Protein chains: 4
Amino acid sequence: MSPREKEQQTSKGMADFCVRNINQAAYGRKEIDIAEQEMPGIMALRKRASEDRPLKGAKIVGCTHINAQTAVLIETLTELGAQVRWSACNIYSTQNEVAAALAEAGFSIFAWRGETEEDFWWCIDRCVTAENWQPNMILDDGGDATHLILKKYPAMFKMIKGIVEESVTGVHRLYQLSKTNKLTVPAMNVNDSVTKTKFDNLYSCKESIIDSLKRATDMMFGGKQVVVCGYGEVGKGCSQALKALGSVVYVTEIDPICALQACMDGFRVLKLSEVIRNVDLLITATGNKNVLTREYMDKMKSGAIVCNMGHSNTEIDVNSLRTPDLTWEKVRSQVDHVIWPDGKKIILLAEGRLVNLSCSSVSSFVVSITAATQALALIELFNAPAGRYKADVYLLPKKMDEYVASLHLPTFDAHLTELSDEQAKYMGLNKTGPFKPNYYRY
Amino acid sequence: MSPREKEQQTSKGMADFCVRNINQAAYGRKEIDIAEQEMPGIMALRKRASEDRPLKGAKIVGCTHINAQTAVLIETLTELGAQVRWSACNIYSTQNEVAAALAEAGFSIFAWRGETEEDFWWCIDRCVTAENWQPNMILDDGGDATHLILKKYPAMFKMIKGIVEESVTGVHRLYQLSKTNKLTVPAMNVNDSVTKTKFDNLYSCKESIIDSLKRATDMMFGGKQVVVCGYGEVGKGCSQALKALGSVVYVTEIDPICALQACMDGFRVLKLSEVIRNVDLLITATGNKNVLTREYMDKMKSGAIVCNMGHSNTEIDVNSLRTPDLTWEKVRSQVDHVIWPDGKKIILLAEGRLVNLSCSSVSSFVVSITAATQALALIELFNAPAGRYKADVYLLPKKMDEYVASLHLPTFDAHLTELSDEQAKYMGLNKTGPFKPNYYRY
Amino acid sequence: MSPREKEQQTSKGMADFCVRNINQAAYGRKEIDIAEQEMPGIMALRKRASEDRPLKGAKIVGCTHINAQTAVLIETLTELGAQVRWSACNIYSTQNEVAAALAEAGFSIFAWRGETEEDFWWCIDRCVTAENWQPNMILDDGGDATHLILKKYPAMFKMIKGIVEESVTGVHRLYQLSKTNKLTVPAMNVNDSVTKTKFDNLYSCKESIIDSLKRATDMMFGGKQVVVCGYGEVGKGCSQALKALGSVVYVTEIDPICALQACMDGFRVLKLSEVIRNVDLLITATGNKNVLTREYMDKMKSGAIVCNMGHSNTEIDVNSLRTPDLTWEKVRSQVDHVIWPDGKKIILLAEGRLVNLSCSSVSSFVVSITAATQALALIELFNAPAGRYKADVYLLPKKMDEYVASLHLPTFDAHLTELSDEQAKYMGLNKTGPFKPNYYRY
Amino acid sequence: MSPREKEQQTSKGMADFCVRNINQAAYGRKEIDIAEQEMPGIMALRKRASEDRPLKGAKIVGCTHINAQTAVLIETLTELGAQVRWSACNIYSTQNEVAAALAEAGFSIFAWRGETEEDFWWCIDRCVTAENWQPNMILDDGGDATHLILKKYPAMFKMIKGIVEESVTGVHRLYQLSKTNKLTVPAMNVNDSVTKTKFDNLYSCKESIIDSLKRATDMMFGGKQVVVCGYGEVGKGCSQALKALGSVVYVTEIDPICALQACMDGFRVLKLSEVIRNVDLLITATGNKNVLTREYMDKMKSGAIVCNMGHSNTEIDVNSLRTPDLTWEKVRSQVDHVIWPDGKKIILLAEGRLVNLSCSSVSSFVVSITAATQALALIELFNAPAGRYKADVYLLPKKMDEYVASLHLPTFDAHLTELSDEQAKYMGLNKTGPFKPNYYRY
């Protein structure tokens, strides 16, 4: 039976929600409790700002993945004064127990794992429209809530004070709207804020590539020959981590500046054709498509592992492996052996999708940074004096980005130095930041 | 029903074995096939020596863990000419499917997961005594087969040409026998051969500490404060791996030489009392007992993780945590939260047992080195001219150790340099080795 | 006798120059020959572009340091078609032999080591004004040639097609001119091109901090406690290099984003007051002033070394050490012992000036990158179609920066990958670059 | 005029010495003062043992290199109660000023830079024979004092209580004497004590290879292709240091165990013939001869650098480069360009001698470890109860080695942990050490 057909209500009689099973609330609450302990930054923000209540009056439509970490964000926004209604941005990713726990706590949550396409839009709609509810902020991940409101409720859309968007796709859609003058409210692109980017791309990948490979294959890294395709932030992280654990790493690059960096960092930069016969492990991290083609895989040695850390599922040409001459054998979840007629075996991870999302779990610490960035973007847009933001797409101001970083320093018992008056003057800086120009990305 | 009570026979009618379920043979065979691919060294030995059959005439009683990797060793020994009968050295560790596959292939295997103490000795006995069977070699892991024969069948013991023992415990028992003049046959201590030691202690731990911690806790390593107790080979491996992935690592040591090495390698050497309040992760690797006591754990901060990479389960005083004031909460397999009255939580892994054995899997590559070492030790003892070995405990000759290493170089596509005649003469070396004195361990 | 008072002419009778001693030409030529071998990028440019002669018609006034590497640049510009007249941007830095060699080769060089202030301006003037010489390009290092022409020859200034400026100071002066609308010609800021910056700040510092400290002090790095003030590119380079050689490195930072990066990279971030008593070595790399004050130095332990890798000579408050109670003892060139009344000794390098410039030599490879960048900026400005550049300050176009990088890849035998048509289309990129947006700086 | 012909006396009228120029004493004393500050371990020993005076009654003939660090050792031995007479073990290495300072302080020193062969033996003889002087200990470096006494004064030799020998050569000579039963007194081989070895071979080389190359060639390490021949302790140090600074390092090895270690540490193990055409830098560290032959050098690319970190000057076949077709050009001290007929240039450092001794200076910290080891060996032999040492060659007892290490820990502010009684018992250790078996070398 679809949750939409069930009568549901919380132990306190609240019924303005729709989840799989409200009885799972206790288990979900435990998950949220654990997440709180692992998300020091967002919890610090909750504590620091709970008196000011900077989101008092904010009515937020949220549409994101729903899991324990999101719950910590949602409850933080509420502590800061906001009212929220929330749906899922993906039909598969909802943690039902967490949705139940949020509903039980009185939140209007509309989400469950395994929604139909129709359910999906119904849930968003239920967040947007309700009695006595005129939303004024959108927190979006992919742009679906934004576009539903824009198209279906254009009058309501004009009342929105600001949109915060996290995903590449959603940001892309916002820029499209902006170009075509359809964007009538300010939007904040939090996908490209520097702190979030460094963690999503460099620091997180450094650890998750190691973790994913170990869990999926038990391979030893020492002495293995590895090629990393692409030496952007993700490629840098993968290369450094594997080198640090004793692999011999080669890099391929199209961009001479990144190639020169790879050289100076101690990696041989070669064409794939020069090393493909020797590598034990190949990782794609280019953002491009068909980086690893069948032609190359035909040349790889038996037992070689291939996986993708880059862009969606385009980098490895997996379709080229679905030919009658090759045999696929699922060895375990996320691990396929693709077997050539001569017995050669290539080990393909996560069918070419992002291996770190498929084979390891994202650290709560990384999510804490994203969540704090989202919360600050909401605060900034909601409280900005008239005129500061026009109907355009903005990056989070540097100072807010610095604030997100500072929220996470206590985890490392790190102590910042303060500028003296004299030093601040000499540098032409405010003592409380921002300390760097907005484009600073090193 | 106990396997001992079942009538069992293989598809070919062989009945001289006892396993849980002979019908699982096909699945076990698949596991063995996979293991063969990941054990290049032992497979190379099988190939190189299968013509010479250096174990022709050897009748081996084996008593080890029984899993896919052991099966590769057993079938290699047979290819080299040996006859074998095999039982398990541990009542819990047998992979039943593998035991079935071996039996189906005609091996007299006596082992299943979940033996009773009585079963255990019965199984060994069945390997030792059989019709038309006078064993002349023992491959032991812990010394139980050796001691059963010595005590129960002293006449048979005198016919043994050699014993190969892999474990610390078994080696210790052999030295005790030797001291008290009860050892009447030559024995080879393969536990301390340099190749095996480097892999068991340094290289394997470097990777498995990372793997275990990720699987058990999902912790990020970057920026975390870690203390490693002990800077022997295991401590060196753990310290280097965590530093390489961005942790700040402190070391404790009792031995000034190891302490000085830690300093030169870039680690602060401190007493536990100096850092205990700040660490996010504590790893014991001393070989000693009660290194981490309740007193220290009382001072640790909430959320800190503690685990043992050293000696059995003595290093962390786990018993001191089993007091009424502390609450234990099993979070998942091998992970306990121990909660203080004030809510402080220490995360204890594997209840203080070896975390890498409990929370990650041992690489087949490492096992391949051990297996090749065992096989060579058997060959050496079986073929040694009279007088080379007396009734004493020996280390594997350097040259054999070098041979084990050489069997594993092709995995890395590594190419050795050969000495010229002139160079060999200059160094006073034989061109085929050994290249270093027997005590060389760097 | 001042060179200005001497009659000088080359072996071929050319007299339009002024150097210290034309007879040193042969020795200077040898230096230039060596530099050519160590500057692969600029030599590659010379070779590739010598047929096209993209600077045909360019009349360049050059005003830079004059040394063997500059000579390679000057002769490259000429090979590419330019005419040049050249003076020094610093009264002390001219290598007289090189100046002589250039003059002997027919270049109008006006420069010698030890010019007076008056000589300095006279030399520039001689480059600007000559018979049949209307310069149309300026290559400046510090802005003196630019400003002399602007002030003294405003009509001539209007005929200039472009200015290329390398130094921070010169760039700053250009932006000032631009702001006040006095800049009437396009100018290229090559100081901030990404390739140059990465080499000047990260890669070069990584090696030169090690080199400088070894040459100046013979200190061992293993186990030493080091604090690096500032975790920008220079600080990152210093911290990584010292950690890699076994030092224990602490970082101080004012910017939470850089501080968080330091944490994730494995460095403890502390206030100077927390570690100052323990450090063996302190390096400033902040760009600020009075980072290391007397108050801190009073607390340092005897034998500690202090040096500056950051901004000019402001970071260490050296003046605060020039008090009657402290004794200065020059131990060797660039090394002073500053001795406290109680015998405590601080080892000050280069009197707080940039230690890598003072105590080690800049790699020709790094200079090759700068020189190639300057040459390409000249080519771009000289050949740009009308309207591409207005009277403003520009960064070198990304594509040119990429070209500079590509010129230096053969040194490392690095081989770039080329995009397929399909891939280029997918990424929306031209197959020949640029591959990244202009602000990309990772 | 030879010092032997001069009348010399100190300011206090002492004349029992022979140095180049007693008037240089003040300058030499300053050098000794500086050395004292950089040799914390030996100074700590001086302080700790000066009350006990464990060398009271010892009459030591010393024959070593004479420099500031030796002076610190000599004055320490005296503080501990010994009387000494000292000569040089090398005709070129004496620092005349230091010899003068020692003489001025009342020591009977017989040494100057540039002795003839005859002078050399005369100086040793003057140390051995003097009025009222029956030496009872020898501190030797190379065995010359030992052999002079043995041959020339056999009666005196029998009165010697012990010999301490530091060099490989001297140790070899002692073992020869022992084999042929000519060694009638106990001798201590301090060359192979573990602390000394680790510092001489691993830690010291790690830093000095970097230092030597920078000073000699100014090369950048980033991205350079390097081959290190030999992966013993020296090769390990060189490989790790260069990798850490961004070089791509290949290793050649003859020993499969060392080769496997190189693989696991992340280095490709290849034959020289496979990489020789590509390398920018080649370092020999094998202990063998003719590792780099003319045949290989014929294949190297122009600009490649070759140097030796291994054994004396045999590893690079320098003689093969002294043929009429090659031109040698001395570029600076210790740097030769060897030029092939086609213009190809190989950069040879230190003419194939040990590059770190030739192109960088040995750290006082390393010398402090050697000196402390020598002093403790003298104390041990002098104070050992009758029967502990026979007429044989011994290694320094582990416990003494540990003591040397402990003397150097305060430099790093390192704090040792102490075993509890319970732990010591569990391990079967004495709480004050030794903590490892004597052969422990990891």
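Reading the values: rules and limits
- Residues numbered from 1 in each chain as written.
- Chains lettered and ligands numbered in written order.
- Predicted model: local features only at pLDDT ≥ 70, side-chain atom pairs only at ≥ 80, totals over all residues.
- Helix = DSSP H or I, 4+ residues; strand = E, 2+ residues; numbered from the N terminus.
- Rg over C-alpha atoms; globule rule 2.2 N^0.38 Å.
- Buried ≥ 20, exposed ≤ 12 C-beta atoms within 10 Å, placed from the backbone.
- Contact = placed C-beta atoms within 7 Å.
- Nonpolar A, V, L, I, M, F, W, Y, C, P; charged D, E, K, R; others polar.
- UniProt positions renumbered as here; feature names shortened; annotations may be inferred.
- Least-squares fit on C-alpha atoms with pLDDT ≥ 70 in both.
- Pairing = 2+ DSSP bridges.
- Axes fitted to C-alpha atoms, helices over the stretch in contact; angles between N-to-C directions.
- Expected span 1.5 Å × (residues − 1).
- Arc of directions from axis to C-beta.
- pLDDT = per-residue confidence, 0-100.
- Right-handed = clockwise from strand over helix to strand, strands pointing away.
- Parallel < 35°, antiparallel > 145°, perpendicular 65-115°, else oblique.
- Left-handed = near helix turned anticlockwise from the far one by under 90°.

> When you look at the overall build of chain A in this model, what are you seeing that I'm missing?
A count of helices and strands for chain A gives 17 helices and 15 strands. On C-alpha atoms alone, chain A measures out to a radius of gyration of 24 Å, which is about the 22 Å that the 2.2 N^0.38 rule sets for 442 residues. The principal-axis extents of the C-alpha atoms in chain A amount to approximately 70 × 70 × 45 Å. For chain A, with 442 residues in total, the buried portion stands at 56%.

> Mind showing me how you'd approach the interface of chain C and chain A here?
Often the size quoted for an interface is simply the accessible area lost on bringing the parts together. In this complex, chain C contributes 47 residues to the contact, which on the side of chain A involves 47 residues. The set of elements that each furnish at least two residues to the side of chain C that touches chain A consists of α9 (194–217), α11 (256–264), α12 (272–275), α16 (398–408) and α17 (421–427) of chain C. Of all the elements, α11 of chain C adds the most residues to the side of chain C that touches chain A, at seven residues. The residue makeup of the side of chain C that touches chain A, split by class, is 23 nonpolar, eleven polar and 13 charged.

> So what exactly am I meant to see when it comes to the UniProt feature "domain: S-adenosyl-L-homocysteine hydrolase NAD binding" (unreviewed entry) in chain A here?
When the UniProt feature table is mapped onto this chain, "domain: S-adenosyl-L-homocysteine hydrolase NAD binding" (unreviewed entry) is found at residues 201–362 of chain A. Each end of residues 201–362 of chain A is marked by a C-alpha atom, and these two atoms are 12 Å apart; helix forms 33% of the span and strand 22%.

> Where do I start with the relation of the copies chain A and chain B in this structure?
For these two chain copies, the linking operation is a rotation about an axis paired with a shift along it. Least-squares fitting of chain A to chain B yields an RMSD of 0.1 Å, with the superposition described by an axial translation of 0.0 Å and a rotation of 180°. The superposition of one copy onto the other is thereby described by a two-fold rotation axis. Closest to the rotation axis within chain A is the C-alpha of Ala244 of chain A, separated from it by 2.7 Å. The fraction of interface residues of chain A whose copies in chain B are also interface residues reaches 100%, indicating that both copies meet through the same surface.

> Just to check I follow, could you spell out unusual backbone geometry for this structure?
Most peptide bonds take the trans configuration, and most residues that are not glycine carry a negative phi. Of note, the bond from Gly433 of chain B into Pro434 of chain B is cis; its omega dihedral lies within 30 degrees of zero at 0°. Along the chain, Pro434 of chain B turns up in the segment after α17 (421–427). In the Ramachandran plot, Gln334 of chain B falls in the positive-phi region, its phi being about 75° despite a non-glycine side chain. Structurally, the position occupied by Gln334 of chain B is in the loop between β12 (327–332) and β13 (335–339). Residue class for Gln334 of chain B comes out partly exposed when judged on the 18 C-beta atoms lying within 10 Å of it. The phi dihedral of Asn132 of chain C falls on the positive side, at around 55°, and the residue is not glycine.

> What's the story with the interface of chain A and chain B in this structure? I'm lost.
At the junction of the two partners, chain A supplies 22 residues and chain B supplies 22 residues. Only α9 (194–217) and α10 (233–244) of chain A provide two or more residues apiece to the side of chain A that touches chain B. The element best represented in the side of chain A that touches chain B is α9 of chain A, accounting for six residues. Here the residues of the side of chain A that touches chain B sort into nine nonpolar, seven polar and six charged.

> Quick question: what am I supposed to make of the sheet that holds strand β12 (residues 327–332) of chain A here?
Through backbone hydrogen bonds, the strands of a sheet pair up, either in parallel or in antiparallel fashion. All names here are of chain A. The eight strands lie next to each other as β9-β8-β7-β10-β11-β14-β13-β12, forming an open sheet whose pairing is mixed. Lying at the two open borders of the sheet, with one neighbouring strand each, are β9 (268–269) and β12. Bridge count for strand β7 (residues 225–229) against strand β8 (residues 248–252) is five bridges, and the pairing is parallel. What sits directly across from Cys229, in β8, is Thr252. Here α10 sits on the sheet and contacts β7, β8 and β10 (281–284); the angle it forms with β8, its principal contact strand, is near 165°.

> Help me understand the UniProt feature "binding site: NAD(+)" (unreviewed entry) in chain A, please; the structure alone is not making it clear to me.
The positions UniProt marks with the feature "binding site: NAD(+)" (unreviewed entry) are Gly232, Glu233, Val234, Gly235, Lys236, Gly237, Glu253 and Asn356 of chain A. Along the chain, Gly232 of chain A falls in the loop between β7 and α10. Mapped onto the fold, Glu253 of chain A is located in the loop between β8 and α11 (256–264). Residue Glu253 of chain A is classed as buried on the basis of its 29 C-beta neighbours within 10 Å. Once residues within four sequence positions are removed from consideration, Glu253 of chain A is found in contact with Gly230, Tyr231, Cys258, Ala259, Ala262 and Val269 of chain A together with Leu416 and Thr417 of chain C.

> Can you walk me through helix α8 (residues 168–179) of chain A in this structure?
In an α-helix, one turn spans 3.6 residues; hence positions three or four apart end up facing the same way. Residue and element names in this part refer to chain A. With twelve residues, α8 should cover 16 Å at 1.5 Å per step; its first-to-last C-alpha distance of 17 Å lies within 8% of that length. Taken together, the buried positions of α8 are occupied by Gly170, Val171, Arg173, Leu174 and Leu177. Here the buried residues of α8 occupy an arc of 160° about the axis, which is enough to place them on one side. More than 90 degrees from the buried face of α8, the exposed residues found are Gln176 and Lys179.

> Got a minute to help me understand the relation of the copies chain C and chain A in this structure?
Between chain C and chain A, the superposition needs a rotation of 180° and an axial shift of 0.0 Å, giving an RMSD of 0.1 Å. Comparing interface residues between copies, 100% of those in chain C also lie at the interface in chain A; the contact surface is shared.

> Teacher, can you tell me more about the confidence of the model for chain A here?
As a note on interpretation, predicted positions should not be read in detail where pLDDT is low. For chain A, per-residue confidence averages 95 on the pLDDT scale, and 100% of positions sit at 70 or higher. Prediction confidence for the complex, expressed as pTM and ipTM, is 0.94 and 0.93 respectively.

> Could you clarify how one ought to interpret the pairing of β10 of chain A in this entry?
In regular strands, side chains alternate between the two faces of the sheet. All names here are of chain A. Burial along β10 is two-sided: the face carrying Leu281 and Ile283 and the face carrying Leu282 and Thr284 are both buried. Where β10 lies against strand β11 (residues 305–308), four bridges are found, and the strand directions are parallel. Bridge pairing in β11 places Thr284 opposite Asn308. Handedness of the crossover joining β10 and β11 through helix α13 (residues 294–299): right-handed.

> What should I look at first to understand helix α1 (residues 25–38) of chain A in this one?
Residues and elements named next belong to chain A. Compared with the 20 Å implied by 1.5 Å per residue over 14 residues, the 20 Å span of α1 between its first and last C-alpha is a close match. Here α1 has its buried residues at Ala25, Gly28, Ile32, Ala35, Glu36 and Glu38. For α1, the angular spread of the buried residues around the axis is 160°, confining them to a single face. Buried residues along α1 sit against α2 (40–49), α3 (68–79), α4 (96–104) and α15 (364–383).

> So what exactly am I meant to see when it comes to the packing of α15 of chain A against helix α16 (residues 398–408) of chain A here?
The axes of two packed helices give the description: the angle between them and the distance between them. All names here are of chain A. Between α15 and α16, whose axes approach to 10 Å, the crossing angle comes to 140°. Put simply, α15 runs oblique to α16. Every pair of crossing elements has a handedness; the one defined by α15 and α16 is right-handed. Only Met400, Tyr403, Val404, Leu407 and His408 of α16 make contact with α15, whose side of the interface consists of Ser368, Ile369, Ala372, Thr373, Leu376 and Glu380. Residue composition of the contact of α15 with α16, by class: seven nonpolar, three polar and one charged.

> Would you explain the sheet that holds strand β7 (residues 225–229) of chain D in this entry?
Residue and element names in this part refer to chain D. Read across the sheet, eight strands follow the order β9-β8-β7-β10-β11-β14-β13-β12 without closing on themselves; strand pairing throughout is mixed. The open sheet has two edge strands, β9 (268–269) and β12 (327–332), and neither has a second partner. The strands touched by helix α10 (residues 233–244) within the sheet are β7, β8 (248–252) and β10 (281–284), with β8 carrying the most contacts at an inclination of about 165°.

> What am I meant to see in the pairing of strand β5 (residues 162–165) of chain A here?
All names here are of chain A. Where burial is concerned, the two faces of β5 agree: the one with Gly162 and Val164 and the one with Ile163 and Glu165 are both buried. Across four bridges, the pairing between strand β4 (residues 137–140) and β5 is parallel. Bridging across to β5, Leu139 finds its partner in Val164. Note that β5 and strand β6 (residues 187–189) share three bridges and pair parallel. The residue of β6 that forms the bridge with Glu165 is Asn189. Assessed by its sense of winding, the connection that carries the chain from β5 through α8 to β6 is right-handed.

> Is there a simple way to think about the packing of helix α16 (residues 398–408) of chain B against helix α11 (residues 256–264) of chain D in this case?
At a closest axis distance of 8 Å, the pairing of α16 of chain B and α11 of chain D adopts a crossing angle of 40°. Considering the angle they form, α16 of chain B stands oblique to α11 of chain D. Judged by the twist between their axes, the crossing of α16 of chain B over α11 of chain D is left-handed. For the pair formed by α16 of chain B and α11 of chain D, the contact residues are Asp401, Glu402, Ala405, Ser406 and His408 of chain B on the first element and Pro256, Ile257 and Leu260 of chain D on the second. Residue classes in the contact of α16 of chain B with α11 of chain D are distributed as four nonpolar, two polar and two charged.

> I would appreciate a short explanation of the environment of Ile149 of chain B in the present structure.
Residues and elements named next belong to chain B. Here Ile149 is to be found in helix α6 (residues 144–152). For Ile149, a count of 26 C-beta atoms within 10 Å puts it in the buried group. Placed 24 residues apart in sequence, Ile149 and Asp125 show a C-alpha to C-alpha distance of 8.4 Å.

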